[in-house]
Amino acid sequence: MTDTAPYSTALLTDHYELTMLQASLADGTAQRRSVFELFARRLPDGRRYGVVAGVNRLLDALERFRFDEQTIAFLADRGVVDQATRDWLADYRFTGDISGYADGEIFFPGSPVLVVESSFAEAVLLETVFLSILNHDSAVASAASRMTWWAGGRPCIEMGSRRTHEEAAVASALAAYIAGFTATSNLEAARRYGIPSTGTAAHSFTLLHDRERDAFRSQVDALGKGTTLLVDTYDVAEAVRTAIELTGPDLGAVRLDSGDLPSLAGQVRELLDSLGATKTRIIVTSDLDEFQIAALAPAPVDGYGVGTSLVTGSGYPTCGFVYKLVAREDESGALVPVAKKSPDKISIGGRKWALRRRSAAGVAEIELIGVGEQPVDDGDDRVLLKPLVEAGKIIGRTTPAESQAFHQKVRDELPRSASQLSRGEPAIPTEYEGDYDARNPFHPRSHT
């Protein structure tokens, strides 16, 4: 299920998108055929790969990108653009083509995550809303993927709703699910996207009761013996004994939310086993991130709940994606490459195509990008750009479950070094083929 709320997304943009539109309409360049590309120049420090998320939300936003009467009235009241521009906006519909990396795909520096082909006027208006969605969701998914990789098959639960904006919480739950989280605490994300939801009780429920035993009994009576009891409100060992006295060996799980988690998990496992509760699982929470999850790998932990670090991208709340004009029609009607040359913000002009070059064993080796032409497939490569919109018609939606399965598949292609949490180079290099400026220092010219 997707969010089909009727509100317009047209004002989820920056003022200057509309002033550029007004000027280009006036000078006759608005209808020039143009190619915009969304990409990241680099990965955050310590990241060996990034994960794309937000593509389906982007398509939903594009579908609702309409300048209705209220939106036009606002622009008129504020004097943002003139009457001729408002008249043009009233009939706005995106009629071009968009291709891109699918939700769950891996990206690297320079990867053409999104390629938008249309008139300048149609494409320039989409810059801000596309960037805001993909920068946020991909940052969360990139962090989530590192967490699920180091969880090693143990389930991870998203529970960061109280640490971010209410709508960002819903988007974060979806991004985390794409990257391998199994459930969310957020019920709106469950309703909107069909993600499994879960939850039991907080410390306040224990504190509400006169005795911890009363709180446990109440929860078990309400939710059954398969529930998860929070055992660190007072004394952990005493709470575990009380829990097993009430449920016998059938208690579903205990949750630890504080303390030295690796050591405490070991102690609790020994205690549970000694009480005959050998199948009772141990779930840990408490401000976890991928580094703590990695440190907990040897501990007898059965699942993780992750909040703050997840919804903030584990220190990197944006991917640094930019949206740049890389080709446009000239006076003769030919499509010519254009590129920004400013120091530290250099880009490569020209329409891009991308392949993931793989070894005969299926291991990713190179992010191969063709400039102005498709790169040559040597037989083991995988096409990365998928059609998302054709002639204005949305064709590239996927379900959250499909995106999650796809991410697991493409992450499995990466070399093992991609899981490293220390600083280092991207897991595979980005190389270019085709006609572009070899003097451009953004990337060395690796192929001709």
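Residues numbered from 1 in each chain as written. Predicted model: local features only at pLDDT ≥ 70, side-chain atom pairs only at ≥ 80, totals over all residues. Heavy atoms only, no water.

**Student:** Sorry if this is basic, but what is going on with the overall build of the chain here?
**Tutor:** A tally of regular secondary structure across the chain gives 15 helices and 19 strands. With the principal axes as the frame, the chain shows a C-alpha extent of 85 × 55 × 35 Å. Here the chain holds 448 residues, and 53% of them are scored as buried. Just so you have it, the chain exposes about 19,300 Å², and 51% of that area is on carbon and sulfur atoms. One finds the centroid of the 47 positive side-chain charges in the chain at a distance of 2 Å from the centroid of its 62 negative side-chain charges. (Helix = DSSP H or I, 4+ residues; strand = E, 2+ residues; numbered from the N terminus. Buried < 20%, exposed > 50% of the residue type's maximum accessible area, 1.4 Å probe, protein only. Areas by Shrake-Rupley, 256 points an atom, 1.4 Å probe, with all protein chains shown as cover. Lys, Arg positive; Asp, Glu negative; His and termini not counted. Charge placed at Lys NZ, Arg CZ, Asp CG, Glu CD.)

**Student:** What should I look at first to understand the side chain of Ser-309 in this one?
**Tutor:** Tracing the chain through its elements places Ser-309 in helix 14 (residues 308-311). Those residues within four positions of Ser-309 in sequence are excluded, and the remaining contacts are Met-147, Leu-288, Asp-289, Glu-290 and Ser-314. (Contact = heavy atoms within 4.5 Å.)

**Student:** Hey, could you run me through empty space enclosed by the protein in this one?
**Tutor:** Summed over the entire model, instances satisfying the criterion amount to 3 cavities of 30 Å³ or more. Around the largest cavity, the lining residues are Arg-42, Leu-43, Pro-44, Arg-47, Tyr-49, Gly-50, Phe-107, Ala-139, Ser-142, Tyr-316, Thr-318 and Cys-319. Partitioning the lining of the largest cavity into residue classes produces 7 nonpolar, 3 polar and 2 charged. (1 Å grid on protein atoms, 1.4 Å probe; cavity = no way out; pocket = protein on both sides within 12 Å on 5 of 7 lines; lining within 4 Å. Points joined across faces, edges and corners; volume = space filled by probe spheres on them. Nonpolar A, V, L, I, M, F, W, Y, C, P; charged D, E, K, R; others polar.)

**Student:** Can you help me understand the UniProt feature "domain: Nicotinate phosphoribosyltransferase N-terminal" (unreviewed entry) in the chain in this one?
**Tutor:** Within this structure's numbering, the places UniProt gives as "domain: Nicotinate phosphoribosyltransferase N-terminal" (unreviewed entry) are residues 11-135. Overall, residues 11-135 shows 43% helix and 18% strand. The separation of its end C-alpha atoms is 18 Å. (UniProt positions renumbered as here; feature names shortened; annotations may be inferred.)

**Student:** Could you clarify how one ought to interpret the environment of Leu-368 in this entry?
**Tutor:** Residue position: Leu-368 is located in strand 15 (residues 364-371). Along the sequence, Leu-368 and Asp-381 sit 13 residues apart, while their C-alpha atoms lie 9.1 Å from each other.

**Student:** Sorry if this is basic, but what is going on with the pairing of strand 5 (residues 114-119) here?
**Tutor:** On a regular strand, each side chain points to the face opposite its neighbour's, so the side chains alternate between the two faces of the sheet. Taking burial as the measure, the 6 residues of strand 5 include 5 buried ones, the bulk of the element. Two elements, strand 1 (residues 33-40) and strand 5, share 6 bridges in a ladder whose sense is antiparallel. Counted as the bridge partner of Val-35 is Glu-117 from strand 5. By the bridge criterion, 4 bridges tie strand 3 (residues 97-100) to strand 5 in an arrangement that is antiparallel. Paired with Ile-98 across the bridge in strand 5 is Val-116. (Pairing = 2+ DSSP bridges.)

**Student:** Looking at this structure, how should I read the sheet that holds strand 16 (residues 382-383)?
**Tutor:** What holds strands together in a sheet is hydrogen bonding between their backbones, with the strands either parallel or antiparallel. Taken in spatial order, the 4 strands make up an open sheet running 16-14-15-19, and their pairing is mixed. Edge positions in the sheet fall to strand 16 and strand 19 (430-434), since each of these pairs with one other strand and no more. Two elements, strand 14 (residues 352-358) and strand 15, share 7 bridges in a ladder whose sense is antiparallel. Directly across from Arg-357, in strand 15, lies its bridge partner Ile-366.

**Student:** I'm lost on the sheet that holds strand 5 in this one. Help?
**Tutor:** One open sheet accounts for 7 strands, arranged 13-12-1-5-3-17-18; its pairing is antiparallel. Edge strands, defined here as strands with exactly one partner in the open sheet, are strand 13 (335-337) and strand 18 (393-394). Of the strand pairs in this sheet, strand 1 and strand 12 (residues 321-329) are connected by 7 bridges, and their pairing is antiparallel. Bridged to Ser-34 within strand 12 is Arg-328. Each of strand 3, strand 5, strand 17 (386-390) and strand 18 is contacted by helix 2 (residues 55-63), which is oriented at about 10° to strand 17, the strand it contacts most. Against the sheet, helix 6 (residues 127-151) engages strand 1, strand 3, strand 5 and strand 12, with an angle of about 140° to strand 12. (Axes fitted to C-alpha atoms, helices over the stretch in contact; angles between N-to-C directions.)

**Student:** Whenever I open this one, the pattern of salt bridges confuses me. Can you help?
**Tutor:** Per the stated rule, a full pass over the model turns up 23 salt bridges. Between Glu-117 and Arg-351 there is a salt bridge; the shortest N-O distance is 2.9 Å. On the criterion of sequence distance, the pair formed by Glu-117 in strand 5 and Arg-351 in the loop between strand 13 and strand 14 is long-range, its members being 234 residues apart. Judged by relative accessible area, Glu-117 falls into the partly exposed class, the value being 27%. Classification of Arg-351 by relative accessible area gives buried; the value is 12%. Residue Arg-211 pairs with Asp-214 through a salt bridge whose shortest N-O separation is 3.1 Å. (Salt bridge = Lys/Arg side-chain N within 4 Å of Asp/Glu carboxyl O.)

**Student:** I would appreciate a short explanation of helix 12 (residues 261-274) in the present structure.
**Tutor:** One turn of an α-helix holds 3.6 residues; hence residues three or four places apart share an orientation. An ideal rise of 1.5 Å per residue puts 20 Å on 14 residues; helix 12 measures up with 20 Å between its terminal C-alpha atoms. Here helix 12 has its buried residues at Leu-261, Leu-264, Ala-265, Val-268, Arg-269, Leu-271 and Leu-272. Along the axis of helix 12, the buried residues cluster in a sector spanning 165°; they form a single face. Turned more than 90 degrees off the buried face of helix 12, the exposed positions are Glu-270 and Ser-274. Buried residues belonging to helix 12 abut helix 11 (236-247), strand 9 (253-256) and strand 10 (281-284). (Expected span 1.5 Å × (residues − 1). Arc of directions from axis to C-beta.)

**Student:** I tried to follow the environment of Ala-144 on my own but got confused; where do I start?
**Tutor:** Within the element layout of this structure, Ala-144 appears in helix 6. For Ala-144, a relative accessible area of 0% puts it in the buried group. In this structure the C-alpha to C-alpha distance between Ala-144 and Ser-172, which are 28 residues apart in sequence, comes to 9.6 Å.

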